[in-house]
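Coordinates in review
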Amino acid sequence: MSWTTKKIVDQLTNVVEPSRIKIDTNDLQFYGNDWSNIGEPNPSAIVFPTSVKEVQAIVNLANKLNFPLVPSGGRTGLSGGALAKDKELVVSFDRMNKILDFNKSDALVTCQPGVVTGVLKDFAKLKGLFYPVDFASVGSSQVGGNAATNAGGVNVLRYGMTRDWIGGIKVVTGTGELLDLNRGLKKNATGFDFRHLFIGSEGTLGLIVELTVELTRPPKHLNVMLMGLKNIEHTTQALALFKEKLDLTAFEFFSDTAMRKVLEGKSLRNPFDHIYPFYVLVEFESYTEVQVNVASELFEMFIDSGYAAEGVLSQNLRQAGELWEFREGITESIASYKPFKSDISCRVSQTPAFLSSLEKTLSGFDPKIETVLFGHLGDGNIHINLLKPIHMDSEEFREVCKIISKSIFNLVKSFGGSISAEHGIGLTKKPYLNYSRDEAELNYMRGVKRLFDPKNIMNPGKLIDL
Ligand code: MLT
Ligand code: ZN
């Protein structure tokens, strides 16, 4: 143990029980890393507070001894936001994982930040309600981390992002003060809403120690359609048509390469006779048979007009789940290629033009680097995954991907889009933040950081530097 680590651990034992401080190599590796896997974790120690008071004491100590903190939730982030590589103290919320309060008439649940998203979803279900933010990692991600990164997912088109469901948060700022923000109020016109500064701040302003989350009524019945399309333009035509007549809960797309990889990776049977350039998965809510009949008519019209080459409409929940596998299985199916991920967005109406320009941009690079496209077309979010060719050296691949990224980000900028729709900036996209935020905005962001975290102890090096 280095001298500084020893000093931190010694002092920490005055504020938390020694059994809740970990310095074993395995723990440092596990809690110091996230799903981005972009660097070697190297934290000094991991601490597991159990109360707001303990979190405050840890932050006060970090201010006194001047050591950095990295907040740690489920660490499912893909941008390195929870990677601790520079001797930081990792603050894990695993032991602050209780649901504290529920009020049916407000449809509000108050919980600690370490509650796993899936647990919150199950709790809502138990109460006859629904927590609608949904994404592949709900089984591991934690509610505090979701708020810190403003997590999105597959239902944003209908329900919005995490930000839209946070009625209140308590945070411990970088100076150790406890702020109780908005307190679950629906209406509150008392000036700056600091709650929204902390949501999406990736732990750079303070630590979220309590959340009041809004719930809603569950969807009545969900139906899924999968269609193979010959032309990218037809995807937005499908979106416009289906959105007008149905209550869509998701509108996802993926490319031919994505379909090939998922068929192979998940050993699935192709539901169609051919492979098509694009696929859309439409999920909608039905209240009675009426919506299902409308959907069937639209679906037939879409096929008859030649927009969709082939399609399938789920007849029950089991089939709906099976159709989702083609979309949700993509990430896992390409994981072995160590994909270089971009996660961009533009206005929904501009996605066909963006995707055509993207195709032109990518055609200028090494054709051996396969591109897998998929994402949440209903909200303008496109995931661009570049796959490492087997024989290409990892370092060379990373360097080529950085060059390709710049071209992609230039394109995003020309569309007025965002270089990160939902995965966040963290470490991986920090050098490129100026493609989406102008200098004046970046200066205000630095000012906000300085205000809440003057000593730069809160997740330093992530998102933005002072
Ligand atoms: C998804 O939409 O599946 C997630 O954002 C994960 C990913 O992009 O790989
Ligand atoms: Zn996504």
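From a predicted model like this one, the values you see are computed outputs, not experimental measurements. (Residues numbered from 1 in each chain as written. Chains lettered and ligands numbered in written order. Predicted model: local features only at pLDDT ≥ 70, side-chain atom pairs only at ≥ 80, totals over all residues. Heavy atoms only, no water.)

When you go through the chain residue by residue, the secondary structure sums to 15 helices and 16 strands. Relative to its length of 466 residues, the chain is compact, with a C-alpha radius of gyration of 23 Å against a globular reference of 23 Å. C-alpha atoms of the chain, sized along the principal axes, occupy 70 × 55 × 45 Å. For the chain, with 466 residues in total, the buried portion stands at 54%. Restricting the contact set of the chain to residue pairs at least 6 apart, pairs at least 24 apart contribute 72%. Element-wise, carbon and sulfur atoms account for 51% of the exposed surface of the chain, whose accessible area totals about 20700 Å². Charged side chains in the chain number 51 positive and 54 negative. The centres of these two groups are separated by 5 Å. (Helix = DSSP H or I, 4+ residues; strand = E, 2+ residues; numbered from the N terminus. Rg over C-alpha atoms; globule rule 2.2 N^0.38 Å. Buried < 20%, exposed > 50% of the residue type's maximum accessible area, 1.4 Å probe, protein only. Contact = heavy atoms within 4.5 Å. Areas by Shrake-Rupley, 256 points an atom, 1.4 Å probe, with all protein chains shown as cover. Lys, Arg positive; Asp, Glu negative; His and termini not counted. Charge placed at Lys NZ, Arg CZ, Asp CG, Glu CD.)

This brings us to the site of ligand 1. In the vicinity of ligand 1, the contacting residues are R327, T331, K341, F374, H376, H383, E422 and H423. A distance of 3.1 Å separates an oxygen atom of ligand 1 from a polar atom in the side chain of H376. H423 places a side-chain nitrogen or oxygen 2.8 Å from an oxygen atom of ligand 1. Burial of ligand 1 by the protein chains amounts to 85% of its free accessible area of 260 Å². Classifying every residue of the shell around ligand 1 gives one nonpolar, four polar and three charged. (Near = heavy atom within 4 Å. Polar contact = N/O pair within 3.5 Å; in protein donor to acceptor, adjacent residues only side chain to side chain. Nonpolar A, V, L, I, M, F, W, Y, C, P; charged D, E, K, R; others polar.)

With that settled, the discussion passes to the sheet that holds strand β7 (residues 166-173). Ordered by their spatial adjacency, five strands build an open sheet running β5-β6-β9-β7-β8, and the pairing between neighbours is antiparallel. Two strands in the sheet have a free side with no partner beyond their single neighbour: β5 (99-103) and β8 (178-181). Going across the sheet, the axis of each strand differs from the next one's by a mean of 15°, ignoring polarity. Direction of pairing for β7 relative to strand β9 (residues 206-214): antiparallel, over a ladder of seven bridges. (Pairing = 2+ DSSP bridges. Axes fitted to C-alpha atoms, helices over the stretch in contact; angles between N-to-C directions.)

Looking now at the coordination of the zinc ion (ligand 2). Coordination of the zinc ion (ligand 2) by the protein comes from H376 (NE2), H383 (NE2) and E422 (OE), over a distance range of 1.9 to 2.2 Å. For the zinc ion (ligand 2), the single-chain donor residues occur in sequence as H-x6-H-x38-E. For the pair shown, H376 and H383 are each scored as buried. (Donors = N, O, S within 2.8 Å, 3.2 Å for Na, K, Ca; no water.)

As a further point, take the environment of F354. With respect to the helices and strands, the residue F354 is situated in helix α13 (residues 351-363). Separated by 173 residues in sequence, F354 and L181 place their C-alpha atoms 38 Å apart.

Moving on: the nonpolar core. M225, M227, F242, F354, L358, I382 and I408 are the most contacted members of the largest nonpolar core, which has 51 residues in total. Tallying contributions element by element places helix α14 (residues 394-414) first for this core, with seven residues. If you look at the next biggest cluster of nonpolar residues, it comprises 31 residues, including C111, A147, Y159 and L205. (Core = buried A, V, L, I, M, F, W, Y, C linked by side-chain atoms within 4.5 Å.)

Sheet architecture is open: seven strands sit in the order β13-β10-β12-β11-β15-β16-β14, paired in antiparallel fashion. Here the strands that pair on one side only, and so sit at the sheet edges, are β13 (308-313) and β14 (340-345). For this sheet the average axis-to-axis angle between neighbouring strands, irrespective of direction, equals 15°. Summarising the sheet, strand β11 (residues 247-255) and strand β15 (residues 371-376) pair through two bridges and their orientation is antiparallel. Across the sheet, F253 pairs through a bridge with G375, a residue of β15. Packed on one face of the sheet, helix α10 (residues 289-304) meets β10 (221-229), β12 (278-286) and β13 and runs near 160° to β13.

Here we come to helix α9 (residues 256-265). Each α-helix winds once per 3.6 residues, and so residues spaced three or four apart point in a common direction. Considered for burial, the residues of α9 that qualify are T257, A258, M259, K261, V262 and L263. Tucked inside the fold, the buried residues of α9 contact β11, β12, α11 (317-328), α12 (330-334) and β15. Backbone geometry just after α9 places S267 at a positive phi near 50°.

A positive phi angle, close to 55°, is found at R75, a residue other than glycine. For R75, the position within the fold is in the loop between β3 (69-72) and β4 (89-92). We classify R75 as buried; its relative accessible area is 10%. One non-glycine residue, N182, lies in positive phi territory at about 80°. Topologically, N182 is positioned in the loop between β8 and α7 (195-198).

A few words on helix α3 (residues 52-65). Under the 1.5 Å per step criterion, the end-to-end length of α3 is 20 Å for 14 residues, consistent within 8% with the ideal 20 Å. V52, E54, V55, Q56, I58, V59, L61, A62 and N63 are the residues of α3 that are buried. Phi for N66, located one or two positions after α3, is positive at around 60°. (Expected span 1.5 Å × (residues − 1).)

In total, this model carries 20 salt bridges according to the counting rule given. Close ionic contact of E210 with K170 constitutes a salt bridge, the shortest N to O distance being 3.6 Å. Placement of E210 in strand β9 and of K170 in strand β7 is noted, with a sequence separation of 40 residues between them. Its relative accessible area of 15% is what places E210 among the buried residues. For K170, a relative accessible area of 24% translates into the label partly exposed. For the salt bridge of K186 with E214, the shortest nitrogen-to-oxygen distance reads 2.8 Å. Note that K186 is positioned in the loop between β8 and α7 and E214 in strand β9, a separation of 28 residues in sequence. For K186, a relative accessible area of 69% translates into the label exposed. (Salt bridge = Lys/Arg side-chain N within 4 Å of Asp/Glu carboxyl O.)

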